[in-house]
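# Structural description and commentary
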Amino acid sequence: MYKFLSLLSAVIILFTFTSCRNNDEDESQDTTPGKLQIKFENGFNNLGDIVLNQTTQISSQGQKHQFSALKYIISNISLVDEAGNEFKYNENNPDKGAFIIDQSDAVAGIVYINLDEVPKRNYKKVKFGLGLSQNAYLLGQEGQAEFWTKAKQKGMTWSWAAGYVFVKLEGKYGAASLQTEFMNHTGNMGNVTANNTPDLYREITLDLPTTARVSTQITPSIHILADLNQFLSGENTLSLNSINDMMMGSSQHLVNVTNNLTKMFKVDHVHND
């Protein structure tokens with residue numbers, strides 16, 4: 001009887017070990033792509049989420065400003081895994097890989113981007129472009145007809161020139177009160193090399209504080225905070241005035257605005273659910 005029980009126990013242990021090993025092997029060998037979500041939350045670092053026409057910030061120069069419109073284009077998203085391999089999501093393909101972050105679309109302060117067909121890996125970095133690259137723009141109508149229509153509907157194309165508005169900031173500003181309207185629209189117009197104009201497309205790389213584990217069972221969510229205080233109080237300390245408050249394109253003021261805004265992003269946290 002004792003020998004029989006010992007043999008039975010050994011069989012059970014062996015069966016359990018084999019089952020676990022097979023399950024682990026099945027899981028590790030499953031290369032089915034998964035999904036990933038990116039959340040963009042626009043705010044002022046000391047005031048929280050931005051409510052259009054309501055949230056008022058005071059710049060480092062003592063200038064009050066608030067936004068009535070806050071929009072920007074995100075494109076060329078890529079993810080870097082633990083081994084340094086990079087997955088590029090529809091690179092230079094605006095119809096499938098470019099998105100408009102519009103604060104008026106925010107739900108509880110957040111604008112969502114949902115990616116599919118993401119390889120099953122553990123990711124440590126996220127990269128993306130602010131604006132649209134020249135390579136994407138120069139594809140012409142064939143490669144960006146759908147996105148061009150979306151951008152036009154959102155007011156993110158130039159009505160008087162060829163190209164996209166990369167960032168659209170509109171609102172009011174003033175010293176004591178919000179009395180003067182402003183429009184700062186950054187972006188490229190046509191072929192910047194041929195036109196000898198600054199290229200305002202910028203690429204941003206952010207480390208993830210927690211690994212994003214993409215699988216068929218897990219859809220990670222990367223929560224990115226954008227601190228719009230960088231607009232006037234960033235690397236370049238700026239003030240709005242009668243010379244630059246109605247600027248559109250790629251003037252030096254808007255180059256400075258662009259460089260400031262590239263520093264506004266950080267990953268707050270990652271959910272693996």
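Let me sum up the structure you'll find in this document. Everything numeric in this text was worked out from a predicted model, so none of it was measured. (Residues numbered from 1 in each chain as written. Predicted model: local features only at pLDDT ≥ 70, side-chain atom pairs only at ≥ 80, totals over all residues. Heavy atoms only, no water.)

## Focus on helix α4 (residues 141-153)
Along α4, the largest kink reaches about 40 degrees and is centred on Phe147. Here the buried face of α4 lies against β4 (64-81), α2 (94-97), β6 (99-102) and α3 (134-137). Gly155, located one to two residues past α4, shows a positive phi value of around 70 degrees. (Bend = angle between axes of the 7 residues up to and from the residue. Helix = DSSP H or I, 4+ residues; strand = E, 2+ residues; numbered from the N terminus. Contact = heavy atoms within 4.5 Å.)

## What to know about the pattern of salt bridges
Tallied over the full model, the rule gives seven salt bridges. A salt bridge links Glu86 to Lys127; its shortest N-O distance comes to 3.6 Å. Of this pair, Glu86 sits in strand β5 (residues 86-88) while Lys127 is found in strand β8 (residues 122-130), placing the two residues 41 residues apart along the sequence. Of the residues examined, Glu86 reaches a relative accessible area of 35% and is grouped as partly exposed. If you follow the salt bridges from partner to partner, you end up with Asp102, Asp105 and Lys154 in one network. (Salt bridge = Lys/Arg side-chain N within 4 Å of Asp/Glu carboxyl O. Buried < 20%, exposed > 50% of the residue type's maximum accessible area, 1.4 Å probe, protein only.)

## A look at the pairing of β4
β4 sits mainly inside the fold: 16 of its 18 residues count as buried. Two elements, strand β3 (residues 57-58) and β4, share two bridges in a ladder whose sense is antiparallel. For Gln57, the partnering residue across the bridge sits in β4 and is His65. Where β3 folds back on β4, the antiparallel hairpin that results is connected by five residues, among which Gly62 adopts a positive phi of roughly 80 degrees. Across eight bridges, the pairing between β4 and strand β9 (residues 167-174) is antiparallel. Paired with Leu70 across the strands is Leu169, a residue of β9. In the sheet, β4 pairs with β6 via four bridges, with the strands oriented antiparallel. Looking at β6, one finds that Tyr72 is bridged to Ile101. Direction of pairing for β4 relative to β8: antiparallel, over a ladder of six bridges. Following the sheet pairing, Ser78 is matched in β8 by Lys127. Bridge analysis of β4 against β5 gives three bridges, and the strand direction is antiparallel. When the sheet's bridge partners are listed, Ser78 is paired in β5 with Lys88. (Pairing = 2+ DSSP bridges.)

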